[in-house]
Amino acid sequence: MAPGADPPDARAPAVTRALIAVCCAVFLIGPVSGLNRSYGTGEALTAAQGAYFARWGVIPAALVDGTPGALLTPLTALFVHGNWLHLLGNMLFLYVFGAMTEEHLGRLRFTLFYLGAGYAALAAYAVANADSEQTLVGASGAISAVLGAFLFLFPKARVTSLFPFLFFLPLRFPAGVVLVFWFVLQWLAATGLGQGSPAVAYLAHLVGFAIGFLYAWGRFRRPARVKAPAAATEGDSQP
């Protein structure tokens, strides 16, 4: 290694890995994973899960009303997930698209971007659903922002995707094609024109994606050159 050169792991996506580790740790020790026996079983476990979501998740009505402590919930909710599929789907997207985005933004800027965009996405959903008492959790808004930034920065990076209607054949497409397709699906679901789960906050996905794309556009304007191919697996899971 030449003098003054960065060590081999200097560009390792430390923040992306740390975010994944924290989300997984929070999930495993909480009542939702079912692995922590201190929360009990049956009705006791169900009650513990409800209280857990109410404490750490976003309740739109409480956030809009300015209830004490509610202003912090868009941050805490980013590290709470509703079930195993929710967690694994989000972490897969963060792992694949977060590394290159973090490398381009830098660790500190990526951290602030992730937290800020995630907060804004959840807050926007709360404002649009100000009367809702349904708890909102998950890193989807922040990860959607990462996808938006990735689309602007690396539109030609080829990613491996699995589509159910193509019999889950692994096919490689430019990130621009995959992410625009993902965005359209989110928009259709949010407007009720597509098949989407009522338990998914599609609006938060759209807001996060727009924030990420506009941030990257405003800061860099010119797409970055891809240094290494990215591999992603995209199926039914939505971030």
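Everything that follows concerns the structure shown earlier in this document.
(A) Examining the side chain of Thr101 more closely. Note on placement: Thr101 falls in helix H5 (residues 84–105). Polar side-chain contacts of Thr101 include one of 2.8 Å to the backbone oxygen of Phe97. Apart from residues lying up to four places away in sequence, Thr101 is in contact with Phe110, Val146, Ala149, Phe150, Leu153 and Phe154.

(B) The nonpolar core, seen in detail. Counting residues in hydrophobic clusters, the biggest one holds 57 residues, and the most contacted among them are Phe97, Phe113, Tyr114, Phe150 and Leu179. Within the residue set of this core, elements represented by two or more residues are helix H1 (14–29), helix H2 (42–56), helix H3 (60–65), H5, helix H6 (107–128), helix H7 (140–153), helix H8 (175–191) and helix H9 (202–220). At ten residues, H7 tops the list of elements feeding residues into this core. The residues contacting Leu179, other than those within four sequence positions of it, are Phe97, Leu147, Phe150, Leu151 and Phe209.

(C) Layout of the side chain of Asn90. Within the element layout of this structure, Asn90 appears in helix H5. The class of Asn90 is buried, set by a relative accessible area of 0%. Looking at Asn90, its side chain comes within polar contact range of the side chain of His81, at 3.2 Å.

(D) A look at the pattern of salt bridges. Tallied over the entire structure, the rule returns one salt bridge. For Arg107, the salt bridge is made with Glu102, and the minimal N-O distance between the two is 4.0 Å. Judged by relative accessible area, Arg107 falls into the partly exposed class, the value being 38%. Its relative accessible area of 3% is what places Glu102 among the buried residues.

(E) Layout of H2. Between the first and last C-alpha of H2 there are 21 Å, a value that for 15 residues agrees with the 21 Å anticipated at 1.5 Å per step. Of all the residues in H2, the buried ones are Leu45, Ala48, Gln49, Tyr52 and Phe53. End-on view of H2: buried residues confined to an arc of 130°, all on one side of the axis. Exposed side of H2, more than 90 degrees from the buried face: Glu43, Thr46 and Arg55 are the residues found there. Where H2 is buried, its residues touch H1.

(F) The arrangement of H5 in detail. Along its 22 residues, H5 runs 30 Å from first to last C-alpha, staying within 8% of the 32 Å computed at 1.5 Å per residue. The largest bend in H5 comes to about 45°, at Gly98. By the N-cap criterion, in which a side-chain oxygen at the helix start approaches the backbone nitrogen of a residue two or three places on, H5 is capped by Asn83, the distance to Leu85 being 3.1 Å. Phi for Gly106, located one or two positions after H5, is positive at around 95°.

(G) Quick look at a nonpolar patch on the surface. Side chains of Leu28, Ile29, Leu35, Trp84 and Leu88 sit close together on the surface and give an oily, nonpolar patch of about 510 Å² of accessible area. Elements supplying a minimum of two residues to the nonpolar patch: H1 and H5. Here Trp84 is to be found in helix H5. On the basis of relative accessible area, Trp84 is assigned to the partly exposed category, the value being 38%.

(H) The arrangement of the packing of H7 against H8 in detail. Running from N to C, H7 and H8 point in directions that differ by 140°, and their axes come no closer than 10 Å. Of the possible angle classes, the one that applies to H7 and H8 is oblique. Where H7 crosses over H8, the two elements pack in a sense that is left-handed. Of H8, the residues touching H7 (which contributes Ser144, Leu147, Phe150 and Leu151) are Ala175, Gly176, Leu179, Val180 and Trp182. Class assignment of the residues belonging to the contact of H7 with H8 gives a composition of seven nonpolar, two polar and no charged.

Analysis parameters
- Residues numbered from 1 in each chain as written.
- Predicted model: local features only at pLDDT ≥ 70, side-chain atom pairs only at ≥ 80, totals over all residues.
- Heavy atoms only, no water.
- Helix = DSSP H or I, 4+ residues; strand = E, 2+ residues; numbered from the N terminus.
- Polar contact = N/O pair within 3.5 Å; in protein donor to acceptor, adjacent residues only side chain to side chain.
- Contact = heavy atoms within 4.5 Å.
- Core = buried A, V, L, I, M, F, W, Y, C linked by side-chain atoms within 4.5 Å.
- Buried < 20%, exposed > 50% of the residue type's maximum accessible area, 1.4 Å probe, protein only.
- Salt bridge = Lys/Arg side-chain N within 4 Å of Asp/Glu carboxyl O.
- Expected span 1.5 Å × (residues − 1).
- Arc of directions from axis to C-beta.
- Bend = angle between axes of the 7 residues up to and from the residue.
- Patch = residues over 30% accessible without salt bridge, like charges linked within 9 Å, V, L, I, M, F, W, Y side chains within 5 Å.
- Areas by Shrake-Rupley, 256 points an atom, 1.4 Å probe, with all protein chains shown as cover.
- Axes fitted to C-alpha atoms, helices over the stretch in contact; angles between N-to-C directions.
- Parallel < 35°, antiparallel > 145°, perpendicular 65-115°, else oblique.
- Left-handed = near helix turned anticlockwise from the far one by under 90°.
- Nonpolar A, V, L, I, M, F, W, Y, C, P; charged D, E, K, R; others polar.

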